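Residues per chain, in single letters:
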Amino acid sequence: MGKIKQPKNLSSRIKWLRDYYFEGTAREWNNEFRPFTSGTPWDSNYNEMTYYVVPETYPFFPTFNSGLIQGAYKVDTPKGFYDLSIAERRALFIQRTIVDYVPQEILPGDLLCGATFNIYASLCLSKKETAIRNKAILDKKSGLRKRTIEFHDRGFGNCGPTSGHLQPGYAVAVTKGFEYIYNDIKEKYDDLSQSDKDGKKGHQLKAMMTSAQTPRLLAEKYAALCEKFAAEEKDPTRQAELLKMSENMKVVPWKPATNFYEAVQSLWFTHMLVMTDENYPGPGLSFGRIDQYLYPFYKKSIDDGEDPTFLKEILECLWIHCNTAYDAMIRVGMNQGITAGYGQLMMLSGMGKDGKDLTNDLTYLFLDVIDDMSPILEPKPNVRLHSNSPEKLLDRVCDMIADSQGAPFLLNFDERSIAGLLHEAKFAKLQHLINPDNVFDYGSVGCLENTMVGNDRSQTVDVNLNFLKAIELTLGNGKDIVDYKDQLWGKPYKNIQMGPSTGDPCSFKDFDEFYAAFLKQIKFIIKNIVDLYNTGDALRRQFFPTPYLSCLVKGCAESGKDVTQGGAEIKFVTIEGVTFATTVDSLLAIKYLVYDEKACTMSELIKALQANWVGYEKLQAIAKNKAPKYGRDDEDADLLAQNFMKFWANEVPNYHTTSGHTYRPGMLSWNYWVSDGYILVASPDGRKRGQFLSNAICPSNGADSNGPTANSNSVGTVLGGKENGEYVNWLPNGASHTITLNPSLVADTGHKEKLKYFLKGYVKNGGTALQINILDVETLKDAQKNPEEYRHLLVRVTGYNAYFTSIGRELQNEIIERESHATI
Amino acid sequence: MDATILDIQRMSTEDGPGLRTTVFFKGCNLVCGWCHNPESINFKPDPNWFLSKCIGCSTCKTSCSHGAIIRNEDGIQFDRKKCQSCGACAKRCPSNAIELKGKKIHVTKLFNELIKDEAYFGPEGGVTLSGGEVMMQAEVATELARLLKNKGINVAIDTAGCYDYRLLEKIMPYVDLILYDLKVFNPIEHMSLTRVDNKLILENYKRLIVSKVRLWIRTPIIQNATDTDENILGLAEFIKEAGYPERWELCAFNNLCRSKYERLGIEWQYKEYGLLKRTRLEHLTALAMTVVPMAMYSGAVADI
């Protein structure tokens, strides 16, 4: 292949903006985090809990906690500030910060207002509140930080109440305006009894009323700035644009948008301010079905005779703006795709009621924009496919996949996804909110996590559980089988009885006995992670409201509760199962080695794992090469995988948070499958400590020796397959599935047609979401050697794209290894 | 009823229209010097050794009860006269460094394996029975084709056509497409390059044309063997006279299979041959098209 995908058909304006963005740290302007403080001696502006799911940041907590406040700008707070509720304080503080302290800026030629928005705002806590919060988090013996770090160091996984990962009700903001949202909240406030007005509900609604006005106040500033720039502008074309931008800002987002330009401007402003409110840049904060709710505006603008190329440029400006979210930590080192971890997802195409396809002209315009702008990381488009997807769309999708190294979008599969959402409606008794009449309007957040839109708080990456730990606990009768150390200081943890005593594994007579013990340990690790997460969730509920975001999530105004307090109509927390294939393959290996083939005893196997397979190379080779594996469309292996899937997926919804969220299962492993591979002990499938774990729902590396179709069939089977011809899906959140195809598959038109058949087959047999890399080993190796020539080479990692040259060497090697096993 | 097969390749894009699952039958009655699947020529299953996978544990040697395994400084070698094709070495090898090329599989089991990708076949794809020479196992191949056809699967066979036409007559009711090899036109050269005469092959082609079955001709383009203007024109004139197929594919040679020959201990005369030049292949295709309009080429070529 040799050459990487280049952007094309860009106007000089967009080309300049795109090139400027890629100058990175060399840029004069950026959107780096700006810290702000209330000025009290105890103030803090860093909520480390939102980073508990990013273990790479653990060593920096003390620095962030003290450093960010030291360099912070002081924002004046009014008298009686601390008599207000925390939500009111935050609403007011953030409003003042973004309107009066953060500079309003417009880049040359940019068509959208709203440039600088990443802030660390004061947590606005009183001295007493700070003391309670600090004790809960920082206590050296039982604080949440210590518990979280030890939990991770011992290989259980990670969890913490993080931000984003939802689809706010953007369609309401764009079509009805914040005036409507404000009035709606005010009406609800006015209807409260006096005692409610003075209580929690009243305080929350007042905070939301403040927040609902922030977009208007900021828009006024931008309108004035555009007028000022217009007055100074010599070029009449640009002058007219600036005046138009000023007019836009006088309408939206306060009033309903009346045309496409206003609608996109309104959408960006609304979206940007969520990131400001959460003090977190774009973590899975997603747009929902953008080609559906923007379509009426697009159609009107086209009917009014507006220039389609200008409408395209407006969207391309939106693309640039979404990418500037990354500036937040522009100077922080890059490791394992952290810089690729934000995911502002947008859904394109997909089915409507009764399976009817909803692709429209705007869908195709979005695809043109993606094609012309890529490679670029954000936003992350997700094309929804189903059995009635039009050929024209499929052809366009296949062409774009063929021309890119990693498909410039994710693919989501409606039938399997919808089956999962209807399944969760059933177990959470939410059929009045998720049912065949509306489920097709679902969207995905972050990477591929399926949720409903505008009323759903699913917290999709807050809880990440390593299944493999349960294998170790079964082998250790509830204890670790090796010593685990503090990753930062190297101090060993005590090996204590953590899981239940499920018996000495050497005494198990058959595999069924082992499996029964393993399931008990699975139950334990689920309960264990829930206990830890619920502690953090309760703290967030108490101290970290997001009143602006709450304006955009249905249920919050109605209940008078913040979205962090269970205000949303639909409330879940997702447990993302990590290391699925490594765990299943380990079970298969134990069955094969110890019970079926008697290649070793249980005691020998444990010793081999403790020795990291050193001195046991022959046994390791048997485990790797002879034991069955998941991912080959092998009925027996996949049946075990399916049984385990069903078990854990049914166990999860038995748990709830203190704010009334139900736990639900999903499979996504971000970059944990890389880093936790260095923590977790060697596994019975032949993996050494230090080698990667399996990724999300994908088979273990190289295990899919029967090719992509067999791999996909296995994925569909373990999600539940089909029952009486109906799709089954036990993972409502969805499951990340990545495959790599060799470029020869898409070499010419005839071959692209074959890719289309593959996708159509995937609709029938596969999982919920698919990422495709079209890469050959030579290109990747060359990129490792000459990174400067491949700065823009995008690869799919697991539900997200990352720049190949910016990810760690280990992950690069892993991707190369994955590709080397592609069989086509 | 059992078939002896070499391998099953799923999601194949090169064995007929659409996405296909191809089953390679073992055993062939032609011995073409350039053969891409040399391990498919012999009817008997053979063990193969892969240096890169070997961990040097000698388990194979102890597991062989026929004394057919030799371990020396070059690694593992097989005394193919002593080898009984029992597969014990391959079964016990911990790292799969020994593979037994060829296995017997019951036709029902094979059928069940081949339909696993039905969802991906689409309107054009299906199952291709290839080889070796699939028609060397005509009885089981016909039964397999019948099972597939009854299931509504598109069936193609890939054959060199050097056998009694009655075998084709039996399988034809269950076959949607025949991929038919015409390699060399000159009978003397055909004999020297493939060790068989091409008379029967050419006659069977004429009969197939009369039968109206859907036909694709495939001609491997091999340097210093089949890639002469004379050969292509000779084949083209024959095809014109006998009757046109739906397409005539000139398949570019590559030497990616050379390690297979090394593993079989065969010195391969084509191992150093690189990719064909694009200009050469385009020239041959243009030449073919002057007589047979549906000629085309496929496969990787060199642009320099």
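Draft legend 1. Here's a closer look at the overall build of chain B. Across its full length, chain B carries eleven helices and 13 strands. Compactness check: chain B gives a C-alpha radius of gyration of 20 Å against a globular reference of 19 Å for 304 residues, within 12% of the reference. C-alpha atoms of chain B, sized along the principal axes, occupy 60 × 45 × 35 Å. Across chain B, every contact between residues at least 6 apart in sequence was considered, and the portion connecting residues at least 24 apart equals 70%.

Draft legend 2. Representation of the overall build of chain A in the model. Along the backbone of chain A there are 29 helices and 19 strands. Here the C-alpha radius of gyration of chain A, 26 Å, is about what a compact globule of 824 residues would show, namely 28 Å. Taken over the C-alpha atoms alone, chain A extends approximately 85 × 65 × 50 Å along its principal axes. Residues counted as buried form 66% of the 824 residues belonging to chain A. Of the contacts made within chain A by residues no fewer than 6 positions apart, 78% connect residues no fewer than 24 positions apart. Carbon and sulfur atoms provide 52% of the accessible area of chain A, an area that totals close to 27600 Å². Positive and negative side-chain charges of chain A, numbering 92 and 102 respectively, have mean locations separated by a distance of 5 Å.

Draft legend 3. Quick look at the environment of B:Glu267. Structurally, the position occupied by B:Glu267 is in the loop between helix H10 (258-264) and helix H11 (278-291). At 3.2 Å, the side chain of B:Glu267 and the side chain of B:Lys271 are in polar contact.

Draft legend 4. Structural context of the nonpolar core. Membership of the largest hydrophobic core comes to 253 residues, with the highest contact counts inside it found for A:Leu294, A:Phe580 and A:Trp648. Among the elements that line this core, the one with the most residues is helix H18 (residues 511-543) of chain A, at 16 residues. Leaving out residues up to four positions away in the same chain, A:Leu294 has contacts with A:Val174, A:Phe260, A:Ala263, A:Val264, A:Leu267, A:Leu362 and A:Phe366. In this structure, B:Val23, B:Ala141, B:Leu276 and B:Ala295 belong to the second largest nonpolar core, which totals 76 residues.

Draft legend 5. The sheet that holds strand E12 (residues 247-252) of chain B, seen in detail. Residue and element names in this part refer to chain B. In space, the nine strands of this open sheet follow the order E7-E1-E2-E8-E9-E10-E11-E12-E13, with mixed pairing throughout. Two strands close off the open sheet at either side, each with one partner strand: strand E7 (103-106) and strand E13 (295-298). Neighbour-to-neighbour, the strand axes of this sheet turn through a mean angle of 30°, independent of strand direction. Running over the sheet, helix H5 (residues 138-150) touches strand E1 (2-12), strand E2 (20-25), strand E8 (126-130) and strand E9 (154-159) and is turned about 175° from E8.

Draft legend 6. Examining the domain arrangement of chain B more closely. Splitting chain B by domain gives domain 1 (2-43 + 103-298) and domain 2 (47-100). The straight-line distance from the C-alpha centre of domain 1 of chain B to that of domain 2 of chain B is 32 Å.

Draft legend 7. Just the interface of chain A and chain B, in detail. With 29 residues of chain A in contact, the opposing surface of chain B contributes 27 residues. Summed over both sides, the interface between chain A and chain B buries roughly 2100 Å², with carbon and sulfur atoms accounting for 54% of that surface. Of all residues in chain A, A:Lys626, A:Lys754 and A:Tyr757 bury the most surface against chain B, accounting for 30% of the area lost on that side. Where chain A meets chain B, there are two salt bridges. Note that B:Lys116 is salt-bridged to A:Glu635, the shortest N-O span being 3.4 Å.

Draft legend 8. Here's a closer look at the packing of helix H15 (residues 391-403) of chain A against helix H27 (residues 749-765) of chain A. All names here are of chain A. Running from N to C, H15 and H27 cross one another at 115°; their axes reach a closest spacing of 9 Å. Our classification of the angle between H15 and H27 gives roughly perpendicular. H15 and H27 meet at a crossing whose hand is right-handed. Facing H15, whose interface residues are Glu391, Leu394, Asp395, Val397, Cys398, Asp399, Ile401 and Ala402, H27 presents Lys752, Glu753, Leu755, Lys756, Leu759 and Lys760.

Draft legend 9. How the structure looks around the pairing of strand E6 (residues 380-385) of chain A. Residues and elements named next belong to chain A. With six of six residues buried, E6 lies mostly within the body of the structure. The side-chain alternation of E6 yields two buried faces, one formed by Lys380, Asn382 and Arg384 and the other by Pro381, Val383 and Leu385. Regarding the hand of the β-α-β motif, the stretch spanning strand E5 (residues 345-349), helix H14 (residues 361-373) and E6 is right-handed. Sheet analysis places E6 next to strand E7 (residues 410-413), joined by four bridges and oriented parallel. Its bridge partner being in E7, asparagine 382 is matched across the sheet by leucine 410.

Draft legend 10. Broad picture of helix H28 (residues 777-785) of chain A. Residue and element names in this part refer to chain A. If you check which residues of H28 are buried, you get Val777, Thr779, Leu780, Ala783 and Gln784. Mapping the buried residues of H28 onto a view down its axis gives an arc of 165°, with all of them on the same face. When the buried face of H28 is taken as reference, the exposed residues oriented beyond 90 degrees from it are Glu778 and Lys785.

Draft legend 11. Quick peek at the sheet that holds strand E17 (residues 769-774) of chain A. All names here are of chain A. Spatial strand order, E5-E6-E7-E17-E16: five strands in an open sheet with mixed pairing. The sheet is open, and its two borders are formed by E5 and strand E16 (738-741), each paired with just one other strand. Across the sheet, the mean angle separating the axes of adjacent strands is 30° when strand polarity is ignored. Sitting on the sheet, helix H16 (residues 414-427) touches E6 and E7, and the angle it makes with E7 is about 60°.

Draft legend 12. Structural detail: the pattern of salt bridges. Residue and element names in this part refer to chain A. Tallied over the entire structure, the rule returns 64 salt bridges over all chains. Residue lysine 221 pairs with aspartate 100 through a salt bridge whose shortest N-O separation is 3.6 Å. Of this pair, lysine 221 sits in helix H8 (residues 200-232) while aspartate 100 is found in helix H3 (residues 86-101), placing the two residues 121 residues apart along the sequence. Classification of lysine 221 as partly exposed rests on a relative accessible area of 33%.

Draft legend 13. Representation of empty space enclosed by the protein within the structure. Residue and element names in this part refer to chain A. The tally for this structure, following the rule as stated, stands at eight cavities of 30 Å³ or more. The computed volume of the largest cavity comes to approximately 220 Å³. Looking at the largest cavity, it is lined by 21 residues, and the ones nearest its centre are Asn47, Thr50, Arg90, Glu278 and Phe544. Every element with two or more residues in the lining of the largest cavity is listed here: helix H10 (260-278) and H18. Among the residues forming the lining of the largest cavity, the class breakdown is eight nonpolar, eight polar and five charged.

Draft legend 14. Looking closely at the pairing of strand E1 (residues 34-37) of chain A. Residue and element names in this part refer to chain A. Residue alternation in E1 divides its side chains into two sets, Arg34 and Phe36 and Pro35 and Thr37, and both sets are buried. Strand direction decides the pairing type here: E1 and strand E3 (residues 119-120), joined by two bridges, are parallel. The residue of E3 that forms the bridge with arginine 34 is isoleucine 119. Where E1 lies against strand E2 (residues 73-74), two bridges are found, and the strand directions are parallel. Directly across from threonine 37, in E2, lies its bridge partner lysine 74.

Draft legend 15. Layout of the packing of aromatic side chains. Residues and elements named next belong to chain A. Applying the stated criterion across every chain, the model contains 52 aromatic pairs over all chains. Ring geometry for tyrosine 46 versus phenylalanine 64: centroids 5.2 Å apart, planes at 50°, classification tilted. Here phenylalanine 64 lies in helix H2 (residues 61-70) and tyrosine 46 lies in the loop between E1 and H2, a separation of 18 residues in the sequence. What makes tyrosine 46 buried here is its relative accessible area of 1%. For phenylalanine 64, a relative accessible area of 22% gives the class partly exposed.

Draft legend 16. Representation of the environment of A:Val674 within the structure. Position of A:Val674 among the secondary structure elements: in helix H25 (residues 672-675). Taking relative accessible area as the criterion, A:Val674 reaches 0% and is therefore assigned buried.

Draft legend 17. Seen up close, helix H13 (residues 308-323) of chain A. The end-to-end C-alpha distance of H13(A), which contains 16 residues, comes to 23 Å, matching closely the 22 Å that a straight helix rising 1.5 Å per residue would cover. In terms of residue burial, H13(A) counts as a mostly covered element, since 13 of its 16 residues are buried.

Draft legend 18. Local environment of the state of the cysteines. Across all of its chains, the model carries zero disulfides over all chains by this definition. Free cysteine B:Cys32: the closest other cysteine sulfur is in B:Cys35, separated by 6.3 Å.

Draft legend 19. Looking closely at the packing of H18(A) against helix H21 (residues 580-596) of chain A. Residues and elements named next belong to chain A. H21 packs onto H18 with a crossing angle of 150° between their chain directions and a minimal axis gap of 10 Å. Classed by the angle they form, the pair H18 and H21 counts as roughly antiparallel. For the crossing formed where H18 meets H21, the hand is right-handed. Residue-level inspection shows Phe511, Phe514, Tyr515 and Phe518 of H18 in contact with H21, the latter providing Thr583, Leu587, Ile590, Lys591 and Tyr595. Its residues placed into classes, the contact of H18 with H21 shows seven nonpolar, one polar and one charged.

About the cut-offs
- Residues numbered from 1 in each chain as written.
- Chains lettered and ligands numbered in written order.
- Predicted model: local features only at pLDDT ≥ 70, side-chain atom pairs only at ≥ 80, totals over all residues.
- Heavy atoms only, no water.
- Helix = DSSP H or I, 4+ residues; strand = E, 2+ residues; numbered from the N terminus.
- Rg over C-alpha atoms; globule rule 2.2 N^0.38 Å.
- Contact = heavy atoms within 4.5 Å.
- Buried < 20%, exposed > 50% of the residue type's maximum accessible area, 1.4 Å probe, protein only.
- Areas by Shrake-Rupley, 256 points an atom, 1.4 Å probe, with all protein chains shown as cover.
- Lys, Arg positive; Asp, Glu negative; His and termini not counted.
- Charge placed at Lys NZ, Arg CZ, Asp CG, Glu CD.
- Polar contact = N/O pair within 3.5 Å; in protein donor to acceptor, adjacent residues only side chain to side chain.
- Core = buried A, V, L, I, M, F, W, Y, C linked by side-chain atoms within 4.5 Å.
- Pairing = 2+ DSSP bridges.
- Axes fitted to C-alpha atoms, helices over the stretch in contact; angles between N-to-C directions.
- Domains from an automatic or database assignment.
- Buried area = accessible area lost by both parts, 1.4 Å probe.
- Salt bridge = Lys/Arg side-chain N within 4 Å of Asp/Glu carboxyl O.
- Parallel < 35°, antiparallel > 145°, perpendicular 65-115°, else oblique.
- Left-handed = near helix turned anticlockwise from the far one by under 90°.
- Right-handed = clockwise from strand over helix to strand, strands pointing away.
- Arc of directions from axis to C-beta.
- 1 Å grid on protein atoms, 1.4 Å probe; cavity = no way out; pocket = protein on both sides within 12 Å on 5 of 7 lines; lining within 4 Å.
- Points joined across faces, edges and corners; volume = space filled by probe spheres on them.
- Nonpolar A, V, L, I, M, F, W, Y, C, P; charged D, E, K, R; others polar.
- Phe/Tyr/Trp six-rings, centres within 6.5 Å; stacked < 30°, edge-to-face > 60°.
- Expected span 1.5 Å × (residues − 1).
- Disulfide = S-S within 2.5 Å.

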